[in-house]
Amino acid sequence: AVASLRSVIEHYPEGTYAANAYYWIGEVHAAKPDPDYESARQALVQVVTGFPMSNKVPDAGFKLGKVYHLMGDCQRAKETLQSVATDFSDKSAGKLADKYLTDQIDC
């Protein structure tokens, strides 16, 4: 799956689906039986910083916060999730970030 998604990015780096491809690369790396959180982090950061107008930014930000938490960087997770909860309070990702902060983050 990652190879196919990378092919989309390689052929259409500024295309409509590039942000989605990076997002799903992050999801795949995080969901593997032996997760590669660093690769997931890199892909999700690319969505947030490289495609700030994409509709995937709220979801990527939420997943990025979770990945930071899973990597053991509680403070960075908290900051990222708080930002998503505040900036996207009207989106499902904002609500999920707020819930994750309440239920999972203790730092």
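Data block above holds the structure.
Residues numbered from 1 in each chain as written. Predicted model: local features only at pLDDT ≥ 70, side-chain atom pairs only at ≥ 80, totals over all residues. Heavy atoms only, no water.

Colleague: How would you explain the nonpolar core if you had to name every residue and give the values?
Modeller: Counting 30 residues, the largest nonpolar core has I25, L44, V47, F62, L81, A97 and I105 as the members making the most contacts within it. For this core, the elements supplying multiple residues, two or more each, are α1 (2-11), α2 (18-31), α3 (37-50), α4 (57-70), α5 (74-87) and α6 (92-104). When neighbours within four sequence positions are excluded, I25 is seen to be in contact with V2, L5, R6, I9 and A43. (Core = buried A, V, L, I, M, F, W, Y, C linked by side-chain atoms within 4.5 Å. Buried < 20%, exposed > 50% of the residue type's maximum accessible area, 1.4 Å probe, protein only. Helix = DSSP H or I, 4+ residues; strand = E, 2+ residues; numbered from the N terminus. Contact = heavy atoms within 4.5 Å.)

Colleague: Residue-level account of the packing of aromatic side chains, with values.
Modeller: As enumerated under the stated definition, the model contains 3 aromatic pairs in all. Taken together, a centroid distance of 5.1 Å and an interplanar angle of 90 degrees make the contact between Y23 and W24 edge-to-face. (Phe/Tyr/Trp six-rings, centres within 6.5 Å; stacked < 30°, edge-to-face > 60°.)

Colleague: Just give me the short version of the pattern of salt bridges, but keep the residues and values in it.
Modeller: With the rule as written, the count across this model stands at 4 salt bridges. A salt bridge links D103 to K99, with the shortest nitrogen-to-oxygen separation between them at 2.5 Å. Note that D103 and K99 are positioned in helix α6 at a spacing of 4 residues, about one turn of the helix. By relative accessible area, D103 is classed as partly exposed at 45%. (Salt bridge = Lys/Arg side-chain N within 4 Å of Asp/Glu carboxyl O.)

Colleague: With reference to specific residues and values, describe α4.
Modeller: Note on helix geometry: an α-helix contains 3.6 residues per turn, so any two residues three or four positions apart are oriented the same way. For α4, which comprises 14 residues, the first-to-last C-alpha distance of 20 Å matches the rise-based estimate of 20 Å (1.5 Å per residue) to within 8%. Those residues of α4 not exposed but buried are V57, P58, A60, G61, F62, L64, G65, V67 and Y68. On the buried face of α4, the contacting elements are α2, α3, α5 and α6. Just downstream of α4 lies G72, where phi reads positive at about 90 degrees. (Expected span 1.5 Å × (residues − 1).)

Colleague: So what's going on with the side chain of H29? Which residues, and what values?
Modeller: Relative to the elements of secondary structure, H29 occurs in helix α2. By relative accessible area, H29 is classed as buried at 10%. Beyond its immediate sequence surroundings of up to four residues, H29 is in contact with V2, R6, P35, D36, S39 and A40.

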